[in-house]
Amino acid sequence: MGSVKDARTRELVQQAERALQGRDARAALGALREAEILAPEDSGIKMQLALALRATGDFTAALEAVEGALALDPYLLLGLLSKGWLLEKLGRPRQAAIAYRNALKIAPPDERLAPALKGPVQRAREAVAADSAAAVAFVEARLAEVRARHAGEDLKRFDMSRNVFLAGKKGYTPEPA
């Protein structure tokens, strides 16, 4: 019985792939939903479902499908990149940056990166850099008042603390005794 189910699942996935290639996202959705019922633990089917949903413009449902795939395989690079992209499309740039940061943590070096992932990984880097710059600007704007109150004072230790907080820099330099 298991082989019949597997054969039917493969058939449905192939049908969905043909439908997506023909730009028929609705037909792909039908096949993928049936395949998902037959193979609920298959992260690849969930990712294809997300692609079909994305093609229909239903970014919220696509995000749910991606999160389903990530629940099964949290180190799925394409899933994390897709989650970031979808969150950006849904107007949630801060959450997108978190997903992108996680993707960049597991992404292979550029020379080993699949050509199809180079663009999405670059987008992830840009989104993370923009989010980091926004965080720095936010903190610096709030620290301006503190600096003004302590004008003329040595703020070296304060700046070291700020650097540790904002950039994860070491707060000390080991020196021989």
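Remember, predicted model here, so these are calculated numbers, not experimental data.

Where helix α3 (residues 43-56) contacts helix α4 (residues 59-72), the two axes come as close as 8 Å, and the packing angle between them is 165 degrees. In terms of their interaxial angle, α3 and α4 are classed as roughly antiparallel. At the point where α3 passes α4, the crossing takes the left-handed sense. For the pair α3 and α4, contact is made by S43, K46, M47, L49, A50, L53 and R54 and by F59, A61, A62, A65, V66, G68, A69 and L72, respectively.

Position of E145 among the secondary structure elements: in helix α7 (residues 115-149). Judged by relative accessible area, E145 falls into the exposed class, the value being 52%. Measuring from C-alpha to C-alpha, the distance between E145 and D159 comes to 14 Å, with 14 residues separating the pair along the chain.

Turning our attention to α7. For α7, which comprises 35 residues, the first-to-last C-alpha distance of 52 Å matches the rise-based estimate of 51 Å (1.5 Å per residue) to within 8%. For α7, the complete set of buried residues consists of L117, V121, A124, A127, V128, D131, V139 and L143.

Summed over the entire model, instances satisfying the criterion amount to 10 salt bridges. Residue R8 is joined to E11 by a salt bridge in which the shortest nitrogen-to-oxygen separation is 2.7 Å. Separated by three residues within a single helix, R8 and E11 lie in helix α1 (residues 2-21), roughly one turn from each other. With its nearest N and O atoms 2.2 Å apart, the salt bridge here joins E88 to R123. Taken as a pair, E88 in helix α5 (residues 77-89) and R123 in helix α7 lie far apart in primary sequence, 35 residues in all. Taking the relative accessible area as the measure of exposure, R123 reaches 31% and is therefore partly exposed. A network of salt bridges, in which partner residues are shared, links R8, E11 and E34.

This part is about unusual backbone geometry. Positive phi values are uncommon outside glycine, yet R23 reaches one of about 60 degrees. When you line up the elements, R23 lands in the loop between α1 and α2 (25-38).

With that out of the way, let us pick up the packing of aromatic side chains. Following the criterion strictly, the structure yields one aromatic pair and no others. Relative to W85, the ring of F59 has its centre 5.5 Å away and its plane inclined at 90 degrees; by these criteria the two rings are edge-to-face. Taken together, the positions of F59 in helix α4 and W85 in helix α5 put the pair 26 residues apart, joining distant regions of the chain. In this structure, R54 is placed above the aromatic ring of W85, and the distance from its NZ or CZ to the ring centre is 3.7 Å.

What follows concerns the side chain of T9. Secondary-structure assignment places T9 in helix α1. Residue classification places T9 among the buried positions, given a relative accessible area of 9%. Leaving out residues up to four positions away in the same chain, T9 has contacts with A35, L38, A39 and I45.

Its location among the elements puts P74 in the loop between α4 and α5. Taking C-alpha positions, P74 is 19 Å from T60, a pair spaced 14 residues apart along the chain.

Turning to the packing of α7 against helix α8 (residues 156-167), a few remarks are in order. Pairs of packed helices are described in terms of their axes, by the angle between the two and the distance that separates them. Interaxial distance between α7 and α8 falls to 11 Å at its minimum, and their mutual angle equals 160 degrees. Here α8 runs roughly antiparallel to α7, going by the angle between their axes. The handedness of the crossing between α7 and α8 comes out as right-handed. Contact with α7, carried on its side by A135, V136, V139, E140, L143, V146 and R147, involves F158, D159, R162, F165 and L166 of α8 and no other residues of that element. Class assignment of the residues belonging to the contact of α7 with α8 gives a composition of eight nonpolar, no polar and four charged.

About the cut-offs
- One numbering rule holds for all chains: residues counted from 1, following each sequence as written.
- The predicted origin of the model limits local features to residues at a pLDDT of at least 70 and limits the giving and counting of side-chain atom pairs to 80 or more, whereas totals for whole chains, interfaces and linings rest on all residues.
- Only hydrogens and water are set aside; all other atoms, that is, all heavy atoms of the structure, feed into the side-chain values.
- Fitting a line to C-alpha atoms yields each axis, with helices limited to the stretch in contact; the angle taken between N-to-C directions then spans 0 to 180 degrees.
- A run of H or I in DSSP counts as a helix once it spans at least four residues, and a run of E counts as a strand once it spans at least two, with each numbered from the N terminus.
- For classification purposes, angles smaller than 35 degrees are called roughly parallel, those larger than 145 roughly antiparallel, those between 65 and 115 roughly perpendicular, and all remaining angles oblique.
- Handedness of a crossing follows from how the near helix is turned relative to the far one, being left-handed for an anticlockwise turn of less than a right angle and right-handed for a clockwise one.
- We call two residues in contact when some of their heavy atoms are within 4.5 Å.
- Throughout this description, buried means an accessible area under 20% of the type-specific maximum (1.4 Å probe, protein chains only), exposed means over 50%, and partly exposed covers the range between.
- The span one expects for a helix is its residue count, reduced by one, times 1.5 Å.
- Whenever Lys or Arg places a side-chain nitrogen within 4 Å of a carboxyl oxygen from Asp or Glu, that contact is recorded as a salt bridge.
- Stacked, tilted and edge-to-face are the three classes applied to pairs of Phe, Tyr and Trp rings, where Trp contributes its six-membered ring and a pair requires centres within 6.5 Å; stacked means planes under 30 degrees apart, edge-to-face means over 60, and tilted covers the rest.
- Only when the NZ atom of a Lys or the CZ atom of an Arg is both within 6 Å of the ring centre and within 35 degrees of the ring normal do we say a charge sits over the ring.
- Throughout this entry, Asp, Glu, Lys and Arg are counted as charged residues, while Ala, Val, Leu, Ile, Met, Phe, Trp, Tyr, Cys and Pro are counted as nonpolar. The remaining residues, Gly among them, count as polar.

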